[in-house]
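# Secondary and tertiary structure notes
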Amino acid sequence: MSTLFQLHAPMNTLKAMVKEMAPLWHSGDSILLLAETVAGLPWLKMYIDDVNYDDEAQYEITDIAAVYVLADDLAQLNEQAKANLDLSKVNVIDDNEWVQLTQSIDRVITLNSIS
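Anyway, here's the lowdown on the structure attached to this text. Bear in mind the structure is a predicted one, so any value in this text is a computation, not a measurement.

### So, the sheet that holds strand β3 (residues 66-70)
Reading across the sheet, the five strands line up as β4-β3-β2-β1-β5 and stay open at both edges, with parallel pairing between neighbours. Because the sheet does not close on itself, it has two edges, and the strands there are β4 (91-93) and β5 (107-112). Across the sheet, the mean angle from the axis of one strand to that of its neighbour is 25 degrees, orientation sign disregarded. Sheet analysis places strand β1 (residues 3-8) next to β5, joined by six bridges and oriented parallel. Considered in β5, the bridge of Leu4 is made with Val108. Along the sheet, helix α1 (residues 11-21) makes contact with β1, β2 (30-33) and β5, crossing β1 at roughly 160 degrees. Helix-sheet contacts for helix α5 (residues 95-103) involve β1, β2, β3, β4 and β5, and the interaxial angle to β4 is about 110 degrees.

Here's what the structure looks like:
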C-alpha cells in the first residue's frame, strides 16, 4: 500500500508533523509539501533524520519513494527562500499532475497544522 503524505505546516510545527507522520509511514511512501511548507524543504531531511536516529523512537521514515512540491507553491516563495532550496531530488508538479498522483496511489493523508 502506497501513501502520499501531504504536509501543510509552518516552520515552527514541521518537526512535530514529521514525528506525527512516522508511526503511519511505510517503506515506499511519498511526501508532498504544500503552500509555505515548501520553504521547509531544507529542514525536512534533518527532521526525518532526527526521527530515524532517535534511540527512543519506535518508528522510522525510510525508503521515501518521492518528495513533491507544487509549482504554484514554489512560485509563491520569495527569491531568498527559493535560493535556499535544493530541488535536485524533488519532483515539481503542477495541479494536473497532483490530481493524477493522488489517483495512482492507495491513500492520501494530509497532515495540517495551519488553522
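We are not done yet, so read on.
### Thoughts on the pairing of β2
Burial along β2 is two-sided: Ser30 and Leu32 facing one way and Ile31 and Leu33 facing the other are all buried. In terms of strand pairing, β1 meets β2 through four bridges, oriented parallel. Across the sheet, the residue bridging to Gln6 is Leu32, located in β2. In this region the chain leaves β1, passes through α1 and returns to the parallel neighbour β2; the handedness of that crossover is right-handed.

### A closer look at the layout of surface pockets
The rolling of a water-molecule-sized probe over the atoms marks out the regions of remaining empty space. The calculated volume of the largest pocket comes to roughly 430 Å³. Every residue lining the largest pocket is counted, 15 residues in all, and those nearest its centre are Leu41, Lys45, Val67, Lys89 and Val90. Counting residues per element, the lining of the largest pocket draws most heavily on helix α2 (residues 41-52), which supplies seven residues. The residue inventory of the lining of the largest pocket, partitioned by class, reads nine nonpolar, two polar and four charged.

### A word on the nonpolar core
For soluble globular proteins, the rule of thumb is that nonpolar side chains tend to be buried together. Among the nonpolar cores identified, the biggest contains 27 residues, and Leu7, Val18, Met21, Ile31, Leu33 and Leu44 are the most heavily contacted of them. Elements with a contribution of two residues or more to this core: β1, α1, β2, α2, β3 and β5. For this core, the element with the highest residue contribution is α2, accounting for five residues. Once you skip the residues sitting within four places of it in the chain, Val18 turns out to touch Leu44, Tyr47, Ile48, Val51 and Ile61.

### Observations concerning the packing of α1 against α2
The geometry of α1 relative to α2 is characterised by a closest axis approach of 9 Å and an angle of 40 degrees between their N-to-C directions. Looking at the two axes, α1 sits oblique to α2. Considering how the two elements wind past one another, α1 and α2 form a crossing that is right-handed. Between α1, through Met11, Leu14, Lys15, Val18 and Lys19, and α2, the contact on the second element is made entirely by Trp43, Leu44, Tyr47, Ile48, Asp50 and Val51. Here the contact of α1 with α2 is composed, by residue class, of eight nonpolar, no polar and three charged.

Conventions and cut-offs
- Residues numbered from 1 in each chain as written.
- Predicted model: local features only at pLDDT ≥ 70, side-chain atom pairs only at ≥ 80, totals over all residues.
- Heavy atoms only, no water.
- Pairing = 2+ DSSP bridges.
- Helix = DSSP H or I, 4+ residues; strand = E, 2+ residues; numbered from the N terminus.
- Axes fitted to C-alpha atoms, helices over the stretch in contact; angles between N-to-C directions.
- Contact = heavy atoms within 4.5 Å.
- Buried < 20%, exposed > 50% of the residue type's maximum accessible area, 1.4 Å probe, protein only.
- Right-handed = clockwise from strand over helix to strand, strands pointing away.
- 1 Å grid on protein atoms, 1.4 Å probe; cavity = no way out; pocket = protein on both sides within 12 Å on 5 of 7 lines; lining within 4 Å.
- Points joined across faces, edges and corners; volume = space filled by probe spheres on them.
- Nonpolar A, V, L, I, M, F, W, Y, C, P; charged D, E, K, R; others polar.
- Core = buried A, V, L, I, M, F, W, Y, C linked by side-chain atoms within 4.5 Å.
- Parallel < 35°, antiparallel > 145°, perpendicular 65-115°, else oblique.
- Left-handed = near helix turned anticlockwise from the far one by under 90°.

Any functional reading would require information that these geometric values do not contain.
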